[in-house]
Amino acid sequence: MQSKPSFVLRNPSVNKGTGFNNEEREKLGLKGLLPPKVETLQEQSDRALSQFTSFNTNLERYIFLNCLRDRNETLFYYLLSNNLELMMPIIYTPTVGEACQKFGNEFRFAQGMYFASRDKGNIRAMMDNWPADGVDIIVVSDGSRILGLGDLGTNGMGIPVGKLQLYVAGAGFHPTRTLPVIIDSGTNTKKYLEDKYYLGERHPRIPDSEYYPLVDEFLAAAYNKWPKVIVQFEDISNDHCFTLLDEYRNKYLCFNDDIQGTGSVILSGFINAVRSVQKPIKEHRMVFLGAGSAGIGVADCIMSLFDEAGISKEEARKSFWFVDSKGLITTTRGDELTSQKKQYAREDYTYQLKSLLEVVRDVKPTAIIGLSGIGGSFTQEIIEEMAKHVEKPIVFALSNPTTNAECTAEQAYQWTDGRCIFASGSPFKPVEYKGKTFVPGQGNNMYIFPGLGLAASVCEAKHVTDAMIITAAKTLASFVEDSEVLTGKIYPGLQHIREISTRIAVKVIEKAYEEGMAQLPRPACIETLVKSRQYIPNYENSNN
Ligand SMILES: NC(=O)C1=CN([C@@H]2O[C@H](COP(=O)(O)OP(=O)(O)OC[C@H]3O[C@@H](n4cnc5c(N)ncnc54)[C@H](OP(=O)(O)O)[C@@H]3O)[C@@H](O)[C@H]2O)C=CC1
Ligand SMILES: CC(=O)C(=O)O
Ligand SMILES: [Mg+2]
């Protein structure tokens, strides 16, 4: 049997399934191919929601949603957009972590594009194979540091896929104009190299002499084919991600979500935490567990608050203490520090503090920020020690997925007797403690990258600047009222993500014009322009 070239029921971008009305069924030759009842998008969505809830595991729900997307994109995004709080933990952290780990076993159909070492020299030609007319946004990973789960190689594809689903649902990028990419540079994880279902190239990671030219060729090809595209670097290990960002941030329109997106969202949470504890920035002592891409990105962004308070960089750095896998980072520790760590290395320690507990005892921090990927590393002893010296401790356990969080919300509230301001990278349910309900904040870059990316794309920004990142953080912070921050709430509800992303986009675009970064002629009304560009999942030419 020959398949029809434009068989709409097998094309997720145009398929409406039972949503095709009788006129469309007649015109498209679908009569007899669908059950008789014509359904509205809402009716289809109700059924899909009931199917979603019938599964026993989150991985099954993840697979269900991605298969739905592969059948009917409009229905998928309609369902997702209207049930974001319920479905976010499935398409994104924590479930996406498990989906990546099992990517080879659960593989059903391909999404996105893969460029491997053997493709060197052919990447531009391969891009012509991408079926969509245009691409506005690419999320690219090499799978080398997927959440806190380590080097997953090609299995990391779930992350670009999930991030782009948020770009669509959260900000309104058009789904057909998004492209998830994996640069397959091998994997150093033996388990995957030996796994018969592993789908990537089966070799250890390629050396830098091959890695950087591969990424360079990919970027040159992408900007050659789609000159206005924005590229988000995602979950790339810290031996490469800083170098890539430095190399390309002033060459192309790109940003690194783990460094800059995380920096922005945690700056936002920190602004509101400072409002909540009512202690000026210069009185804060911040201990970071983890000095990688996220930890450094966050500290760099929080530095802007000191700058605004008229405090010099040199003075401001004295408010930061970084702990990595070897202990407190000092200039006298004796190991070779990366340039990022050097800026925050303490010069005032003649003795070495090896553990986080020792550092907390020594520093008596007002804030403890976990971006280490090490689950449970904020122990009861550490948090209780901190809480002895601070009225309202700021406890951010930001590592993903949930199993890698430095502590749980329940632990943080219990160990601080309900006094802490808490945020985590993956969601925790509200906690009942001593008759009070505490709603933990989710300090996750998902609040920032959709609006930031939309802004950069809509105004055709030349580059993503630090000022645009800081503007995004402040705009997000402004969504929480004074009365709310006093109760410990530091992030707005996720159900408002469209409104949040729209406002972030407007403010970031204003900043881009102010800085001369926007290349699109300035419109009469930025908000109208942004809204006119946002995709809303609905059936066209239907009575639905
Ligand atoms: N909430 C959010 O929005 C985001 C959360 N994250 C999460 O943050 C975590 C880290 O990400 P990222 O910074 O990119 O990762 P990196 O690999 O770049 O950095 C990890 C850091 O943690 C340190 N570390 C590792 N083990 C220990 C240990 N036992 N004790 C103390 N420090 C340790 C490493 O030390 P060393 O330098 O010595 O190797 C390194 O400094 C991940 O779990 C990720 O999911 C990341 C981005 C966004
Ligand atoms: C949220 C995110 O980007 C991370 O955990 O890597
Ligand atoms: Mg990430």
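These figures come from a predicted structure and were not determined experimentally. (Residues numbered from 1 in each chain as written. Chains lettered and ligands numbered in written order. Predicted model: local features only at pLDDT ≥ 70, side-chain atom pairs only at ≥ 80, totals over all residues. Heavy atoms only, no water.)

A. Representation of the UniProt feature "domain: Malic enzyme NAD-binding" (unreviewed entry) in the protein chain within the structure. Taken from the UniProt record, the annotation "domain: Malic enzyme NAD-binding" (unreviewed entry) applies to residues 259-513. Along residues 259-513 the backbone is 44% helical and 12% strand, and the end-to-end C-alpha distance reaches 24 Å. (UniProt positions renumbered as here; feature names shortened; annotations may be inferred. Helix = DSSP H or I, 4+ residues; strand = E, 2+ residues; numbered from the N terminus.)

B. Spatial organisation of the coordination of the magnesium ion (ligand 3). Looking at the metal site, the magnesium ion (ligand 3) is ligated by E234 (OE), D235 (OD) and D258 (OD), spaced 2.0 to 2.1 Å from it. Spacing between the donor residues of the magnesium ion (ligand 3) along their common chain follows E-D-x22-D. (Donors = N, O, S within 2.8 Å, 3.2 Å for Na, K, Ca; no water.)

C. Main features of the UniProt feature "domain: Malic enzyme N-terminal" (unreviewed entry) in the protein chain. The sites that UniProt annotates as "domain: Malic enzyme N-terminal" (unreviewed entry) are residues 69-249. This span, residues 69-249, is 45% helix and 11% strand, and a straight line between its end C-alpha atoms measures 32 Å.

D. Spotlight on the packing of aromatic side chains. Overall, the coordinates contain 22 aromatic pairs when judged by the stated rule. Where F115 meets F218, the ring centres are 5.7 Å apart and the plane angle is 40°; that geometry is what we call tilted. Linking F115 in strand β1 (residues 113-116) with F218 in helix α11 (residues 208-225), this pair joins segments that are 103 residues apart in sequence. Accessibility expressed as a relative area gives 0% for F115, which makes it buried. (Phe/Tyr/Trp six-rings, centres within 6.5 Å; stacked < 30°, edge-to-face > 60°. Buried < 20%, exposed > 50% of the residue type's maximum accessible area, 1.4 Å probe, protein only.)

E. Region of the structure containing the sheet that holds strand β14 (residues 441-442). The strand order β8-β7-β6-β9-β10-β11-β14 describes an open sheet built from 7 strands, whose pairing is mixed. Two strands lie at the open edges of the sheet, namely β8 (327-328) and β14, each paired on one side alone. Contacts from helix α13 (residues 257-277) reach β6 (286-289), β9 (367-370), β10 (394-397) and β11 (421-424) within the one sheet, and its direction differs from that of β10 by about 160°. Together, β9 and β10 form the strand contacts of helix α18 (residues 380-389), whose direction differs from that of β9 by roughly 155°. (Pairing = 2+ DSSP bridges. Contact = heavy atoms within 4.5 Å. Axes fitted to C-alpha atoms, helices over the stretch in contact; angles between N-to-C directions.)

F. How the structure looks around the site of ligand 1. Looking at ligand 1, there are 26 residues lining it, with R145, N238, S293, S325 and K341 nearest. A distance of 2.7 Å separates an oxygen atom of ligand 1 from a polar side-chain atom of R145. Contact between ligand 1 and G148: an oxygen atom at 3.4 Å from a main-chain N or O atom of the residue. In isolation ligand 1 has 930 Å² of accessible area, and contact with the protein removes 82% of it. At the level of elements, α13 and α14 (293-308) are the ones that each hand at least two residues to the shell around ligand 1. Of the residues contributing to the shell around ligand 1, the split by class is 7 nonpolar, 15 polar and 4 charged. (Near = heavy atom within 4 Å. Polar contact = N/O pair within 3.5 Å; in protein donor to acceptor, adjacent residues only side chain to side chain. Areas by Shrake-Rupley, 256 points an atom, 1.4 Å probe, with all protein chains shown as cover. Nonpolar A, V, L, I, M, F, W, Y, C, P; charged D, E, K, R; others polar.)

G. Representation of the environment of G172 in the model. Within the secondary structure layout, G172 lies in the loop between α9 (158-171) and β3 (178-184). Through-space distance from the C-alpha of G172 to that of R498 is 7.7 Å; in sequence the pair is 326 residues apart. Aside from chain neighbours lying at most four places away, what touches G172 is Y167, R498, R533, Q534 and Y535.

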